[in-house]
Amino acid sequence: MFLQHSLMAPPWVQELHIPYMDIPVTIDQMVSIMPAGPIPTADCDSLYLSNLDDVVGARVFTPTVYFYQMDSFNSGEKKPVMEVLREALSLVLVPYYPFSGRLRETKNGKVEVFFGPEQGALMVEAHSEITLSSLGDITVPNPAWEPLIFKFPNEEPYKVLEMPLLIAQVTLFKCGSFSLGLRLCHCICDGLGAMQFLSAWAATAKSGKLITNPHPCWDREFFKPRDPPIVRFPHVEFRKIDDGSTLTTTLWQSKPVQRCYRISREFQLWLKSNAQPDDMSACTTFDAMAAHVWRSWIKALNVKPVDYTLRLTFSVNARQKLKDPPLKNGFYGNVLCLACVRSTVSELVNGSLSKTTRLVCEARNGVSEEYVKSTVDYIEVDRPRRLEFGGKLMITQWTRFSIYESADFGWGRPVYAGPIDLSPTPQVCVFLPEGTTELNGSMLVCICLPESATQKFTEFLCVQ
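Fair warning: this is a prediction, and the values are worked out from it, not measured in the lab.

A.B. asks: Got a minute to help me understand the pairing of strand E5 (residues 102-105) in this structure?
C.D. replies: It is a general feature of regular strands that their side chains alternate between the two faces of the sheet. Looking at chain direction, E5 and strand E6 (residues 111-114) are connected through 4 bridges and run antiparallel. Bridge assignment links Arg104 to a residue of E6, and that residue is Glu112. Counting the residues that bridge the hairpin from E5 to E6 gives 5 residues, and of these Gly109 lies at a positive phi of roughly 90°.

A.B. asks: Sorry if this is basic, but what is going on with the pattern of salt bridges here?
C.D. replies: Overall, the coordinates contain 19 salt bridges when judged by the stated rule. Its salt-bridge partner being Glu15, residue Arg259 comes within 3.2 Å of it at the nearest N-O pair. With a gap of 244 residues between them, Arg259 in strand E10 (residues 257-263) and Glu15 in strand E1 (residues 13-16) connect regions that are remote in the sequence. Here Asp408 makes a salt bridge to Lys206, at a shortest N to O gap of 3.0 Å. Remark: Lys206 occurs in helix H2 (residues 191-207) and Asp408 occurs in the loop between helix H9 (403-406) and strand E14 (416-418); sequence separation between them is 202 residues. Judged by its relative accessible area of 19%, Asp408 falls in the buried class. A cluster of three or more residues bridged by salt bridges with shared partners is formed by Asp54, Arg59, Glu105, Lys110, Glu380 and Arg383.

A.B. asks: Please clarify how the side chain of Ser442 should be interpreted in this entry.
C.D. replies: For Ser442, the location among the structural elements is in the loop between strand E15 (428-433) and strand E16 (443-449). Looking at Ser442, the relative accessible area reads 10%, which means it is buried. At 3.1 Å, the side chain of Ser442 and the side chain of Glu434 are in polar contact. Beyond its immediate stretch of four places on either side in the chain, Ser442 contacts Arg262, Ile263, Ser264, Arg265, Gln268 and Glu434.

A.B. asks: Whenever I open this one, the sheet that holds strand E9 (residues 178-185) confuses me. Can you help?
C.D. replies: Spatially, E2-E7-E8-E9-E4-E14 is the arrangement adopted by the 6 strands of the open sheet, whose pairing is mixed. Two strands lie at the open edges of the sheet, namely strand E2 (26-33) and E14, each paired on one side alone. The average angle at which neighbouring strand axes cross in this sheet is 15°, direction not considered. With 7 bridges joining them, strand E8 (residues 166-172) and E9 adopt antiparallel strand pairing. When the sheet's bridge partners are listed, Leu166 is paired in E9 with Leu184. Taken strand by strand, helix H1 (residues 81-92) contacts E2, strand E7 (121-127), E8 and E9, and its axis lies near 175° from that of E7. On top of the sheet, H2 reaches strand E4 (61-68), E8 and E9; it is set at about 135° to E9, its chief contact.

A.B. asks: Please explain H2 as it appears in this structure.
C.D. replies: Two residues of an α-helix separated by three or four positions point the same way, owing to the 3.6 residues in each turn. Here H2 is 17 residues long and its end C-alpha atoms lie 24 Å apart, about the 24 Å a rise of 1.5 Å per residue gives. Buried residues dominate H2, accounting for 12 of its 17 residues. Along H2, the residues that are buried comprise Gly191, Gly193, Ala194, Met195, Gln196, Phe197, Leu198, Ala200, Trp201, Ala202, Thr204 and Ala205. Where H2 is buried, its residues meet E4, H1, E8, E9 and H9. The N-cap of H2, judged by a side-chain oxygen 3.3 Å from the amide nitrogen of Leu192 a few residues on, is Asp190. Directly beyond the C-terminal end of H2, a positive phi value near 85° is found at Gly208.

A.B. asks: What is the right way to look at the nonpolar core in this model?
C.D. replies: Note that soluble globular proteins tend to have their nonpolar side chains buried in a common cluster. Residues Phe67, Phe99, Trp201 and Phe409 are the most contacted members of the largest nonpolar core, which totals 84 residues. The greatest single-element share of this core, amounting to 8 residues, is contributed by H2. Sequence-distant contacts of Phe409, defined by excluding residues within four places in its chain, comprise Tyr68, Leu85, Leu180, Leu198, Trp201, Ala202, Ala205 and Lys206. Core analysis: the second largest hydrophobic core is formed by 57 residues, Trp294, Ile298, Leu310 and Tyr371 among them.

Thresholds applied
- Every chain is numbered on its own, with residues counted from 1 as its sequence reads.
- Note on the predicted model: pLDDT of at least 70 is required for a residue's local features to be given, and 80 or more for side-chain atom pairs to be given and counted; whole-chain, interface and lining totals, by contrast, use all residues.
- The side-chain values count all of the structure's non-hydrogen atoms but skip hydrogen atoms and water molecules.
- For two strands to be treated as a pair, DSSP must find at least two bridges joining them.
- Put simply, DSSP marks the helices as runs of H or I at least four residues long and the strands as runs of E at least two long, and each gets a number from the N terminus on.
- What makes a salt bridge here is a side-chain nitrogen of Lys or Arg within 4 Å of a carboxyl oxygen of Asp or Glu, nothing more.
- For each residue, the accessible area found with a 1.4 Å probe, counting protein chains only, is set against the maximum for its type, and the residue is called buried under 20%, exposed over 50%, and partly exposed in between.
- Under this definition, polar contacts are N or O atom pairs within 3.5 Å; protein pairs additionally need one hydrogen-donor-capable and one acceptor-capable atom, and for neighbouring residues in sequence, both atoms have to be side-chain atoms.
- Between two residues, a contact is recorded if the distance between any of their heavy atoms is within 4.5 Å.
- Under this scheme, a helix contributes an axis fitted over its contacting stretch, all axes are lines through C-alpha atoms, and angles between N-to-C directions fall in the 0 to 180 degree range.
- Each residue after the first adds 1.5 Å to the expected span of a helix.
- As used in this record, nonpolar core signifies buried Ala, Val, Leu, Ile, Met, Phe, Trp, Tyr and Cys residues forming a set joined through side-chain atoms within 4.5 Å.

Following this line, the structure appears as structure tokens:
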């Protein structure tokens with residue numbers, strides 16, 4: 001199912017096949033990785049985390065996987081993969097020493113990084129008796145890849161306290177190719193911070209000596225709340241809303257499936273042109289895509305009642321908003337604020353794309369420097385305790401991350417780099433960069449739906 005601009009042209013919107021399979025993986029060893037040199041903390045020391053680091057949505061691990069094909073390297077000419085990655089990680093953990101600590105909760109429910117004996121990051125070496133080619137298409141995120149990312153036996157969902165803050169699993173395939181499954185604690189870094197760390201680790205592995213550019217900056221006190229706190233906005237993005245619609249129950253009770261679509265640059269430009277509100281400055285491609293995906297999702301799910309108000313939330317990188325004072329170069333903590341759009345089911349289903357796009361654009365532009373400070377103060381006054389999914393879709397944008405360029409450890413660009421499985425939180429949608437080396441501007445949209453709604457969603461997504 002696709003929208004095409006001419007009979008001979010490639011499809012503008014193409015649903016991608018996700019092959020289902022079992023991946024046999026054997027764990028060979030688990031190694032704690034300590035910093036290779038002195039760090040500025042000692043046992044029993046702790047580090048402050050800001051309220052942006054400690055917001056409830058950051059108390060998770062972000063799992064990603066990276067595939068490297070056998071023709072990207074000759075294993076006989078170099079050190080074993082595990083040895084190269086382990087030695088480089090140990091070097092990088094000197095300037096990025098917080099990744100070697102643990103999280104603990106303080107008296108007021110806030111978390112901090114603390115340091116003790118026998119901590120460190122965790123590296124896991126594993127192997128599989130299958131070849132990488134037997135996985136089929138590895139350019140599309142696939143929940144079946146879960147065995148390639150290490151989890152402890154009987155690990156509780158969303159557990160971050162007392163856990164290694166960086167967990168890396170290297171899985172060697174029968175053909176000589178390998179995967180790197182990575183879990184980074186979101187409390188330590190946001191997406192751009194993770195790219196900064198990953199670049200340093202990769203550059204260090206590639207050269208055999210420590211390379212950090214820029215040098216990492218901790219400085220989480222930059223986001224300390226004001227005294228007294230000043231909350232200037234309602235921050236509906238954090239408010240608990242009892243879902244009076246069919247949205248949440250439909251998703252969570254139906255065992256939703258993950259679907260992925262390749263969106264061509266041509267379709268993105270066409271959509272942006274058609275979504276542009278007449279009486280405001282130019283909307284972005286993200287504004288138009290977010291509005292279109294949200295409307296298509298709600299239509300496909302046939303949400304009732306039609307007068308119920310739904311929410312769309314998405315993260316806004318606030319780095320460029322901070323002027324007084326600006327952030328220091330190399331800061332890798334969380335600088336994300338949640339923007340929130342509200343609209344009724346009827347407005348989404350029967351209204352125009354340009355109207356929804358306007359709402360997305362206004363919400364994105366509404367994240368100002370004062371909004372960031374107000375968010376920090378709101379969390380200080382009324383710390384959210386749980387993720388709220390009532391009547392909500394959350395969109396995460398990875399298209400601006402240099403994830404493929406950042407992950408060249410000396411064996412070339414990964415064939416795929418990114419997340420694997422959205423189904424544990426089916427109200428999340430991810431926009432991903434295309435992994436091809438050709439700069440064609442296409443992107444991947446990954447989203448969860450009940451099986452019964454997938455055909456309708458595809459139809460709505462393909463036609464404005």
